[in-house]
Amino acid sequence: MSLWPEQNALPVVEPPLPVQQIRQDFPILDQMINGHPLAYLDNGASSQKPLAVIEAIDHCYRHDYANVHRGIHALSERSTAAFEAARRKVQTFINAEYAEEIIFVRGTTEAINLVAQSYARPLLQTGDEIIITVMEHHSNIVPWQLVCEQTGAQLKVVPVNDVGELDLDRLASLLNGRSRLLALTHISNVLGTINPIAEIITVAHKHGIAVLVDGAQAVPHLALDMQALGCDFYAFSGHKMYGPSGIGILYGKRELLERIPPYQGGGEMIEAVSFEKSTYAELPHKFEAGTPHIAGAIGLSAAIDYINGIGMQFIAGHEHELLGYASETLAEIEGLRIIGQAKAKASIVSFVLEGIHPHDIATVLDQQGIAVRAGHHCAMPLIKRLGEVATTRASFAMYNTPDEIDRLAQGIEKAKKLLA
Ligand code: C6P
C-alpha cells in the first residue's frame, strides 16, 4: 500500500467571479492584437497587472520615493515605512510566523540560488545528496547542479509517472542518511500537477531533511500557510501573482536563516565593516544587500491587497472551472493530446498536436490575438521524460473566460487546417 493519502488538492468551486468587472481592472487586456481582441493565456509565464498595482507604483515614484533604511529625511522614512509594510503584508499573506522570515529577492530564481549557496553549500560534503524531481523548472535544477559541482554532492531525481504525478514511493525511498535537502515544485509549470507538499514535507522531516518548495506557480492559485506547511524554505515571484517583475520572496524559517551566512555582500546587510572583519545585520537585512526593488515591493503589496479583495478561494474556484472547461474542449480536438493528467491540477493545460510543431501552433494562435507559450518551458528534463520536444501551453488566471477557451479551440482547429 502507498505511504501517501489520496491527493485531494482540488479547490472547492465557489460562486462565479465577476470576471467582466475584474477585466476592467486590467487595462492591458483591452486591446486588439493582429486585428483580434487579446486573449491572454500565458499567465504561467507572467500575469498582467491590475490598475491598483500600476497606481501603487506610480504613487510611490510620484510622492514617496527615496532609498530605504538610510535617510533621516521624510521621504526616506515614508519609503521605508511602505517597504516594511509590504514585508508584513507578504508575511500575513503566506502566514509566516515572523516578518524577518520574508526576504525580498528578485524572484524565484534568486531565492533558490540563495538557499543553494547560503544554506546548502556550507553544509554539503562529498557523497551527500540533494533530492529534486523530474518536473522541476531549470531554476530548481541548475542551482543544485552548481552547488553539487562545488561540493562533490550528488543530485538524486524523483521520477514522474505518465500522467505527470510524482512517484511518491520512490521519493520516500530516496530519503536517507546522506540526503541534505529536498527541493521540489509545488505546482509544475508544464503539467499543472499540484504536488502534495504538506505530506511530502512531513515525510522529509521524519528523516530530518529540510525542504525547499518552489512556489512560483502556486502562489497565484492557492492559499498558502507557511506555519501549517512547516516547510523550511518557500520561493516565489511577484510577477506571476499580478505584481511587478523584479521582485520575489524567499520565505525561510527564522532559525535557519539566522544560522546561515549571507548570500551577497554590500551595503545594508552589515552591522559594522572594517578591513579586518565585517559583521552582519540582523534578519531580514542580512540577505538584502544593496538597494532593493522598493517600488516592486510596494507593487507586490498592492497585488496582495487586490487578490485578498477578490478572495483566493473564489479565484481558485473560477480557475478550476476554466481548467475543466479547457480540458474537455481541447480533448475533443482530433489529434490533440493533453500533456499532464494529474488528479490534482492547477489551471495549466499543455498539449501537442500530431504532426505540428508547438511553435507553429503558437504562431497561428498569435495571429488570432491568442497569447500562449510554446517550447520546453524551461523544463527540458521533464519534456524529454514525456517523450516530447516541446508543448504548447495555455495557462489561465482570474480574468480569463470560457469564451477565450472557445477561441483557443477554434484557433487550434485553424492551425490544424493551415499547418497539417
Ligand atoms: N516559469 C514559465 O513560463 P522567475 O523567472 O525567477 O520569476 O521564475 C522561475 C520559475 C521557477 N519555478 C517555476 C515552477 C516556474 O514556473 C518559473 C518561471 C515561467 O513557466 C517562465 S520560464
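One can find the structure itself at the top, above this paragraph.
Parameters at a glance
- Residues numbered from 1 in each chain as written.
- Predicted model: local features only at pLDDT ≥ 70, side-chain atom pairs only at ≥ 80, totals over all residues.
- Heavy atoms only, no water.
- Helix = DSSP H or I, 4+ residues; strand = E, 2+ residues; numbered from the N terminus.
- Rg over C-alpha atoms; globule rule 2.2 N^0.38 Å.
- Buried < 20%, exposed > 50% of the residue type's maximum accessible area, 1.4 Å probe, protein only.
- Contact = heavy atoms within 4.5 Å.
- Polar contact = N/O pair within 3.5 Å; in protein donor to acceptor, adjacent residues only side chain to side chain.
- 1 Å grid on protein atoms, 1.4 Å probe; cavity = no way out; pocket = protein on both sides within 12 Å on 5 of 7 lines; lining within 4 Å.
- Points joined across faces, edges and corners; volume = space filled by probe spheres on them.
- Nonpolar A, V, L, I, M, F, W, Y, C, P; charged D, E, K, R; others polar.
- Domains from an automatic or database assignment.
- Pairing = 2+ DSSP bridges.
- Axes fitted to C-alpha atoms, helices over the stretch in contact; angles between N-to-C directions.

**Student:** So what's going on with the overall build of the protein? Residues and values would help.
**Tutor:** Of the regular secondary structure elements, the protein holds 14 helices and 17 strands. Over its C-alpha trace the protein gives a radius of gyration of 22 Å, about what one expects of a compact globule, namely 22 Å for 420 residues. Viewed in the frame of its principal axes, the protein has a C-alpha envelope of about 70 × 55 × 35 Å. Counting over 420 residues, the protein shows a buried share of 56%. Long-range pairs, those at least 24 residues apart, make up 73% of the contacts in the protein between residues at least 6 apart in sequence.

**Student:** Give a detailed account of the side chain of Ser-301, specifying residues and quantitative values.
**Tutor:** In this structure, Ser-301 sits in helix H10 (residues 294–310). For Ser-301, a relative accessible area of 10% translates into the label buried. A polar contact is formed between the side chain of Ser-301 and the side chain of Lys-89, at a distance of 3.1 Å. Look past the residues within four positions of Ser-301 in its chain and what remains in contact with it is Ala-86 and Lys-89.

**Student:** Account for empty space enclosed by the protein, naming residues and giving values.
**Tutor:** A complete count under the given rule lists 3 cavities of 30 Å³ or more for this structure. For the second largest cavity, the calculated volume is near 50 Å³. Around the second largest cavity, the lining residues are Asn-43, Gly-44, Ser-47, Gln-217, Pro-220, His-221, Lys-240, Tyr-242, Ser-395, Phe-396 and Ala-397. Here the residues of the lining of the second largest cavity sort into 4 nonpolar, 6 polar and 1 charged. The residues that make up the lining of the second largest cavity include at least three from each of domain 1 (19–40 + 312–419) and domain 2 (53–308).

**Student:** Just give me the short version of the side chain of Gln-368, but keep the residues and values in it.
**Tutor:** Its location among the elements puts Gln-368 in the loop between helix H12 (358–367) and strand S15 (370–371). For Gln-368, a relative accessible area of 12% puts it in the buried group.

**Student:** Can you explain the sheet that holds strand S8 (residues 210–214)? Please cite residues and give values.
**Tutor:** Read across the sheet, 7 strands follow the order S4-S10-S9-S8-S7-S5-S6 without closing on themselves; strand pairing throughout is mixed. Edge positions in the sheet fall to strand S4 (102–105) and strand S6 (154–158), since each has one partner strand and no second. Taken pair by pair, the neighbouring strands of this sheet meet at an average axis angle of 20 degrees, ignoring direction. Helix H3 (residues 74–93) rests against S4, strand S9 (233–237) and strand S10 (248–252) of the sheet, and its axis sits at about 120 degrees to S4.

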